[in-house]
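# Summary of structural features
One letter stands for each residue in the lines below.
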Amino acid sequence: MLIDTNAWLGSFPFRSLRDNTPDTLIARMDRSGIDKAAVSQIEAIFHRNVQPANEKLASDVSGLTDRLIPMATVNPTYEKWEDDLEVCHESLGMKGVRLCPAYHDYSVDGPESRGALQACKDRGLPVFIPGRIEDPRQRSWMDPGRTVDAQGITNLMKAVPGATVVASNLRAGFSGLSLWNDEEVRDQDWFLDLSLAEVHNSLGPLAEASGSGHLVFGTHVPFSYPGGALVKLHQIEVDEAGRGEIMHENAERILNIG
C-alpha cells in the first residue's frame, strides 16, 4: 500500500498542469504504483471564499474516495471559515485540512493559524501546511512568492500542543530543523513529506535520528512528478517496517483511514 499525502486537483493560474483531473490523476497514480492520494482543490489557494472550491472537490471525487481522499482548504481570515470547516468535516466527509498562509496572507504562527489549528484539533483533523506551492525563483510576477518555514510551524505547534501537523514541500535541512531541535515539540505529531525535501540534507538524517515516525510519502503531483518522491522513498535508510510506516501506516493514522 502506498498513500500520497500531498496531491492536488484543478487549475493553477500561472502555468498549465497535467494529470490534474480525477481520471488523469488516478491514471498517473496507477503508473506510479500509488494506491491512494489525499487531494485538495488548487483553486482554493487563490479564492478568498474557498468553500465553492471545497464543494467542487467533494463533487469531483464522489464515488472515487477509495482512491482520492478529499482534503478541505480553510482560510481563517474569512469570516465564515468555521462554518466552512464544519460543512467540510461533517457533511462532505473530508479527512484533513490544508492551510495556505503564504497565499491567504496571514502568519503561520499568528492568531488565525492558531485558531484554525485548535479547531481542527478539537475535531480530530490533521492540518497540512505547504511550505510553498511553486519555487519562488520561477514564480509569475503575480504570484506572491512567499514561503513558510519550519520555525513558524514549530511556534504554531507550541501554541497548540497535541495537534497533528504535516509540513509538506518543506526545504529545511535537518541541522536547522526546529521541529526536531526544539525539545518541546520533538515528540509531538508532526510529519514531513518527501516531495521537496532532500534525502541527504534532511530526510536521511531525520530518519537516522528518529526512525520513520515523522515521515510520510508525498509527491506534490501535479506540480511535480511522483518519480522523485518514489526514488527518495527507496533511498532513505530505514528497515522494512519503517518503510511501511512511511508508505502508508503513518498516513492511515493521520487521516484516520485504513
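Residues numbered from 1 in each chain as written. Predicted model: local features only at pLDDT ≥ 70, side-chain atom pairs only at ≥ 80, totals over all residues. Heavy atoms only, no water.

## Quick look at the nonpolar core
Inclusion rule: The nonpolar core is taken to be a set of buried Ala, Val, Leu, Ile, Met, Phe, Trp, Tyr and Cys residues, with the residues joined through side-chain atoms within 4.5 Å. Relative accessibility under 20% of the residue-type maximum defines a buried residue, over 50% an exposed one, and the middle range a partly exposed one, all with a 1.4 Å probe and only protein chains included. The contact definition used throughout considers only heavy atoms, calling two residues in contact when any of these lie within 4.5 Å.
With 72 residues, the main nonpolar core has Val39, Leu68, Ile129, Ile153, Leu177 and Leu192 as its most contacted residues. Apart from the residues lying within four places of it in its own chain, the contact partners of leucine 177 are Ala150, Leu170, Ala172, Trp190, Leu192 and Leu206. By size, the runner-up hydrophobic cluster in this structure holds nine residues, among which are Met71, Val216, Ile254 and Leu255.

## Some remarks on the packing of aromatic side chains
How two aromatic rings sit relative to each other is given by the distance of their centres and the angle of their planes. For clarity, the threshold we go by: Pairing of aromatic rings covers Phe, Tyr and Trp, the last counted by its six-membered ring, and requires centre-to-centre distances within 6.5 Å; plane angles under 30 degrees mean stacked, over 60 mean edge-to-face, and any other angle means tilted. Secondary structure is summarised from DSSP: a helix means a run of H or I of at least four residues, a strand means a run of E of at least two, and numbering begins at the N terminus for each. Counting as a charge over the ring demands two things of the Lys NZ or Arg CZ atom: a distance within 6 Å of the ring centre and an angle within 35 degrees of the ring normal.
Under the defined criterion, the tally for this structure stands at six aromatic pairs. Where phenylalanine 12 meets phenylalanine 223, the ring centres are 5.1 Å apart and the plane angle is 90 degrees; that geometry is what we call edge-to-face. With phenylalanine 12 in the loop between strand E1 (3-9) and helix H1 (22-32) and phenylalanine 223 in the loop between strand E9 (215-216) and helix H9 (227-235), the pair connects residues that are 211 residues apart, well separated along the chain. Take phenylalanine 12 and phenylalanine 223: they sit in the same class, and that class is buried. In this structure an aromatic cluster arises from ring pairing among Trp8, Phe12, Phe14, Phe46, Tyr103 and Phe223. Between the NZ or CZ atom of arginine 98 and the centre of the ring of tryptophan 8, over which it lies, the distance is 5.1 Å. One cation-aromatic arrangement involves arginine 186 over tryptophan 180; the distance from NZ or CZ to the ring centre is 4.6 Å.

## Quick word on the sheet that holds E1
Defined as follows: At least two DSSP bridges between two strands are needed for those strands to be called paired. To obtain each axis, a line is fitted to C-alpha atoms, and for helices this fit is confined to the stretch in contact; angles are then taken between N-to-C directions over 0 to 180 degrees.
Across the sheet, three strands lie side by side as E1-E2-E3; this open sheet has parallel pairing. At either end of the open sheet lies a strand with only one pairing partner, and these are E1 and strand E3 (68-70). With direction set aside, neighbouring strand axes in the sheet form an average angle of 35 degrees. Taken together, the three bridges between strand E2 (residues 36-41) and E3 define a ladder with parallel strand orientation. Pairing of valine 39 across the sheet is with proline 70, part of E3.

## Here we look at helix H3 (residues 81-91)
For the record, the criterion: Working definition: the arc comes from the directions between the helix axis and the C-beta atoms, pointing outward to the latter.
Listed as buried for H3 are Trp81, Asp84, Leu85 and Cys88. Along the axis of H3, the buried residues cluster in a sector spanning 100 degrees; they form a single face. Structural note: H3 exposes Glu90 and Ser91 on the side pointing more than 90 degrees away from its buried face. Turning to H3, the residues buried within the fold contact helix H2 (51-60), strand E4 (72-74), strand E5 (97-99) and helix H5 (111-123).

## Describing the side chain of asparagine 20
The following threshold applies: Counting of polar contacts relies on pairs of N or O atoms within 3.5 Å, with two restrictions inside protein: one atom must be capable of donating a hydrogen and the other of accepting it, and residues adjacent in sequence are counted only when both atoms are side-chain atoms.
Secondary-structure assignment places asparagine 20 in the loop between E1 and H1. A polar contact is formed between the side chain of asparagine 20 and the backbone oxygen of glycine 10, at a distance of 2.8 Å. Among residues more than four places away in sequence, those in contact with asparagine 20 are Leu9, Gly10, Ser11 and Pro222.

## Focus: the environment of leucine 64
When you line up the elements, leucine 64 lands in the loop between H2 and E3. Under the relative-accessibility criterion, leucine 64 is labelled partly exposed at 23%. Once the C-alpha coordinates of leucine 64 and aspartate 23 are considered, the two residues, 41 residues apart in sequence, prove to be 9.5 Å apart. Once residues lying within four places of it in the same chain are set aside, the contact partners of leucine 64 are Pro22 and Ile26.

## Overview of the pairing of strand E8 (residues 190-193)
Within a regular beta strand, the side chains point alternately toward one face of the sheet and then the other, so they alternate between its two faces. As a reminder, the rule being used: A right-handed crossover is one whose linking path, passing over the helix from the first strand to the second, runs clockwise when the strands point away from the viewer.
Side chains Trp190 and Leu192 project from E8 onto one buried face, and the interleaved Phe191 and Asp193 project onto a second face that is buried too. The pairing of strand E7 (residues 165-168) with E8 spans three bridges and is classified as parallel. Its bridge partner being in E8, alanine 167 is matched across the sheet by leucine 192. Bridge count between E8 and E9: two bridges; the pairing is parallel. Looking across to E9, one finds that leucine 192 is bridged to leucine 215. Tracing the backbone out of E8, into helix H8 (residues 199-210) and back to the parallel element E9 gives a crossover that is right-handed.

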